[in-house]
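Close look at the chain arrangement
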Amino acid sequence: MEKTLIYKILKKTFGYDDFRSKQEKIINHSLEGKDGLVIMPTGGGKSICYQIPALASEGITLVISPLIALMNDQISALRFMGVKAEALHSNLSIDESRFVYNQLKTGELKLLYMSPERINNETTQRFLSTLNISLIAIDEAHCVSVWGNDFRPDYAELSSLRTIFPNVPMMALTATADKTTQDDIITQLKLREPKTFLESFERKNITSYVEPGLKRIEKIKSILRTYNDASGIIYCLSRNDTEKVAKKLQASGYNADFYHAGLDSFERSRVQRQFQNDEIQIICATIAFGMGIDKPNIRFVIHYNMPKNIEAYYQEIGRAGRDGEPAEAILFYSWGDFIKLQRFIDEGEANPEFQKVQTAKLKRMWEYCTSSDCHTNLVLNYFGEYRSEKCGHCDNCINPPTKKDGTTQAMMALSAIKRCNERIGMETLIGVLKGSYRSEITSRGYDKIKTFGVGRNISGANWKNYIIQMINQGIISIDYATGSTLKWTPLSSEVINNKLKVNIVDFVPKTKAKKPPKLFVETEMDTNLDLFDILKSWRLDLARKKNVPAFTILANKTLKEICQVLPTNNFELLQVNGIGEVKLRQYGHEILNIIKENVK
Ligand code: ADP
Ligand code: MG
Ligand code: ZN
């Protein structure tokens with residue numbers, strides 16, 4: 001019964017035929033009234049996981065989201081599908097709020113998006129508790145945790161929701177949470193026996209490249225030549241750099257602009273809107289640009305500087321290729337970036353505990369940059385998805401450095417970690433392996449264990465390099481919550497039992513620039529490009545009239561499919577992915593007319 005209902009909604013409202021991997025399980029779990037934690041990469045399709053239960057249930061689904069821009073785009077998209085959705089946040093006038101409240105009272109709304117500060121208000125909560133709430137979805141849930149990448153005090157207060165709505169199922173969703181953060185989300189939000197749905201973080205359509213930041217502008221220009229007019233973001237650390245890079249690209253004839261928090265809000269929304277509507281091709285931006293961007297056809301994300309941690313990096317590159325088509329991530333790093341980021345942390349106002357975590361995370365980012373192992377696996381292992389087979393879509397897989405067998409070294413390190421009860425950090429481990437009689441080692445009796453001194457023939461620098469590689473390979477993990485101590489992972493016992501071989505490389509300074517990323521080729525397909533352009537400009541007119549981003553009306557992917565299939569009637573048009581019944585009713589006639597007029 002349930003199965004057919006949620007499939008019907010998927011087709012009728014969203015225009016899709018099949019659920020992606022875990023969506024159906026997550027939806028059914030929620031419909032059974034149970035709590036869940038959904039960890040799925042950006043672009044994985046989290047929204048449907050709470051939007052379909054909202055439509056399949058009586059009552060209202062509350063969605064907590066940190067960004068007004070993001071809420072507004074989601075609501076526009078929902079309205080185009082014929083779903084009743086509204087938002088309550090601090091940017092609404094009294095009249096606008098009253099309008100929403102009235103719709104809530106009459107029970108017309110299916111989804112209510114709220115900012116955390118709005119739902120933390122007692123009067124609002126009292127009002128909400130009189131309504132029939134069927135589900136509470138907390139998007140970007142990593143914001144509740146100080147271990148996460150973007151802690152927000154407003155989010156931490158959401159724990160009160162469990163008290164006010166003891167029986168309403170909750171769903172926490174995030175694209176960025178390491179193991180520590182995942183556990184903390186469950187604790188902070190007081191989820192009841194939640195099931196965790198961990199979707200692989202791998203984004204198979206993104207090819208990632210990492211290289212030293214030398215002659216970056218020249219390299220970027222040569223990379224851009226391979227992209228034609230595809231959309232992309234270039235992230236810079238400073239506002240100055242965003243302007244500098246944009247101006248250099250403009251001077252070379254590129255359609256580029258810049259974005260940072262120092263611009264006035266009018267300028268910011270102009271740049272954002274034009275980028276979303278494909279009117280600006282390249283945005284040079286600080287990280288202020290992004291969270292509100294759901295644009296599906298971003299083909300590349302370039303990091304002009306190293307990001308502050310792996311969560312931030314992965315979230316930023318995750319904005320590329322949301323439509324599932326090939327995309328590239330290119331990261332430039334330098335020791336200067338590392339120093340600068342370290343200074344930001346040291347000079348920040350955050351408490352010492354938080355600073356320590358941020359510093360450890362910055363180091364892992366550095367390790368990522370300097371790693372010669374599969375870059376994708378490093379990220380996956382970081383997020384607790386331990387895996388050793390190669391991804392095949394990162395630079396180190398495509399162009400592997402020379403390796404040697406390091407199984408013996410790995411066994412030494414793992415055995416020392418275990419014999420020290422998984423309570424030591426990197427420096428102590430190296431001390432133990434090298435047989436150091438430092439007081440921190442002797443006072444805890446680590447000089448008495450069997451592995452003490454077994455690695456004295458290897459230099460400390462090389463041990464560090466090896467251990468970093470082992471962490472990168474998921475054989476050892478770091479627990480930031482307990483002073484960055486080293487722990488075993490599920491792969492560790494495989495190594496000790498001789499079931500998994502470990503490869504390592506000796507440290508070689510990466511001074512020489514690697515060759516530029518492979519040519520970007522638009523996915524070849526039999527698309528009528530003229531028709532595609534005509535449909536795009538029809539959509540742009542509509543988007544301007546309605547003052548919404550173009551992709552909330554119809555995605556590029558949907559337009560492309562229309563150009564391939566060339567539907568001649570409503571029935572054929574409905575088969576296209578992304579066309580549901582409401583969109584068919586609203587635009588079907590116009591689309592079919594455009595096809596008729598432009599295709600013989
Ligand atoms: P997330 O919030 O996880 O970053 P979204 O919910 O915004 O991702 O979804 C990303 C894109 O994938 C959207 O364009 C969405 O419509 C599309 N999508 C989600 N689920 C499906 C599905 N089952 N079939 C086809 N497209 C889907
Ligand atoms: Mg989302
Ligand atoms: Zn790889």
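Residues numbered from 1 in each chain as written. Chains lettered and ligands numbered in written order. Predicted model: local features only at pLDDT ≥ 70, side-chain atom pairs only at ≥ 80, totals over all residues. Heavy atoms only, no water.

Turning our eyes to something else, we now look at the coordination of the zinc ion (ligand 3). Within the protein, the atoms that donate to the zinc ion (ligand 3) are C374 (SG), C391 (SG), C394 (SG) and C397 (SG), at distances of 2.3 to 2.4 Å. Spacing between the donor residues of the zinc ion (ligand 3) along their common chain follows C-x16-C-x2-C-x2-C. A residue is classified by how much of its surface remains accessible, and C391, at 14% relative accessible area, is buried. Relative accessible area serves as the criterion here: at 0%, C394 is assigned to the buried category. (Donors = N, O, S within 2.8 Å, 3.2 Å for Na, K, Ca; no water. Buried < 20%, exposed > 50% of the residue type's maximum accessible area, 1.4 Å probe, protein only.)

Our focus in this paragraph is the pairing of strand β3 (residues 85–88). Going residue by residue along β3, you find A85 and A87 tucked away on one face and E86 and L88 tucked away on the opposite face as well. Here β3 pairs with strand β4 (residues 111–114) via four bridges, running parallel. Paired with E86 across the two strands is L112, which belongs to β4. You can see the chain leave β3, run along helix α5 (residues 94–105) and come back into β4, and the turn it takes is right-handed. (Helix = DSSP H or I, 4+ residues; strand = E, 2+ residues; numbered from the N terminus. Pairing = 2+ DSSP bridges. Right-handed = clockwise from strand over helix to strand, strands pointing away.)

Not every positive phi belongs to a glycine, and E140 is a case in point at roughly 50°. Its location among the elements puts E140 in the loop between β5 (133–138) and α8 (153–156). On the basis of relative accessible area, E140 is assigned to the buried category, the value being 10%. Of note, the phi angle at L566 is positive, near 45°, even though the residue is not glycine. Among the secondary structure elements, L566 is positioned in the loop between α25 (556–565) and α26 (570–574).

Quick look at the sheet that holds strand β11 (residues 282–285) now. In spatial order, the strands read β8-β13-β12-β9-β11-β10; together these six strands make up an open sheet with parallel pairing. If you trace the sheet from one side to the other, it starts and ends with β8 (206–212) and β10 (256–259), each paired once. Across this sheet, the average inter-strand angle for adjacent strands is 15°, counted without regard to direction. Here β10 pairs with β11 via four bridges, running parallel. Residue pairing for β11: A256 is matched across the bridge by I282. In the packing of helix α16 (residues 352–370) onto the sheet, the strands contacted are β8 and β13 (327–333), and the crossing angle to β13 comes to about 110°. (Axes fitted to C-alpha atoms, helices over the stretch in contact; angles between N-to-C directions. Contact = heavy atoms within 4.5 Å.)

Next up on the list: the nonpolar core. Among the nonpolar cores identified, the biggest contains 104 residues, and L104, L112, I138 and I476 are the most heavily contacted of them. Counting residues per element, this core draws most heavily on helix α22 (residues 460–472), which supplies six residues. If near-sequence neighbours (up to four positions away) are discounted, I476 is found in contact with A413, L414, I417, I467, M470, I471, L486, K487 and T489. Among the nonpolar cores identified, the runner-up in size contains 29 residues, and M40, A54, L111 and F197 belong to it. (Core = buried A, V, L, I, M, F, W, Y, C linked by side-chain atoms within 4.5 Å.)

Moving on, we come to the domain arrangement of the protein. When the domains of the protein are assigned, the result is domain 1 (3–198), domain 2 (206–398), domain 3 (404–504) and domain 4 (529–598). Each of domain 1 and domain 3 has a C-alpha centre, and these two points are 42 Å apart. (Domains from an automatic or database assignment.)

In this section: the packing of helix α2 (residues 23–31) against helix α3 (residues 47–56). Where α2 meets α3, the axes come as close as 9 Å, and the angle between the chain directions of the two elements is 45°. Comparing their axes, α3 and α2 come out oblique. Crossing of α2 against α3: the hand is right-handed. On α3, the residues touching Q23, I26, I27, S30 and L31 of α2 are I48, C49, I52, P53 and A56. Residue classes in the contact of α2 with α3 are distributed as eight nonpolar, two polar and no charged. (Parallel < 35°, antiparallel > 145°, perpendicular 65-115°, else oblique. Left-handed = near helix turned anticlockwise from the far one by under 90°. Nonpolar A, V, L, I, M, F, W, Y, C, P; charged D, E, K, R; others polar.)

With that out of the way, let us pick up the site of ligand 1. If you check the shell around ligand 1, you find 14 residues, and the closest are Y16, G43, K46, S47 and R322. The backbone of G43 places a nitrogen or oxygen atom 2.6 Å from an oxygen atom of ligand 1. Between ligand 1 and S47 there is a distance of 2.6 Å, counted from an oxygen atom to a side-chain nitrogen or oxygen. Compared with its free state, where it exposes 570 Å², ligand 1 has 79% of that area covered by protein. (Near = heavy atom within 4 Å. Polar contact = N/O pair within 3.5 Å; in protein donor to acceptor, adjacent residues only side chain to side chain. Areas by Shrake-Rupley, 256 points an atom, 1.4 Å probe, with all protein chains shown as cover.)

Looking now at the pattern of salt bridges. Under the counting rule described, the total for this entry stands at 27 salt bridges. Across the pair R192 and D35 runs a salt bridge whose closest N-O atoms are separated by 3.0 Å. With a gap of 157 residues between them, R192 in the loop between α10 (179–188) and β7 (195–198) and D35 in the loop between α2 and β1 (36–39) connect regions that are remote in the sequence. Linked by salt bridges that have partners in common, D278, K295, K536 and R539 make up one network. (Salt bridge = Lys/Arg side-chain N within 4 Å of Asp/Glu carboxyl O.)

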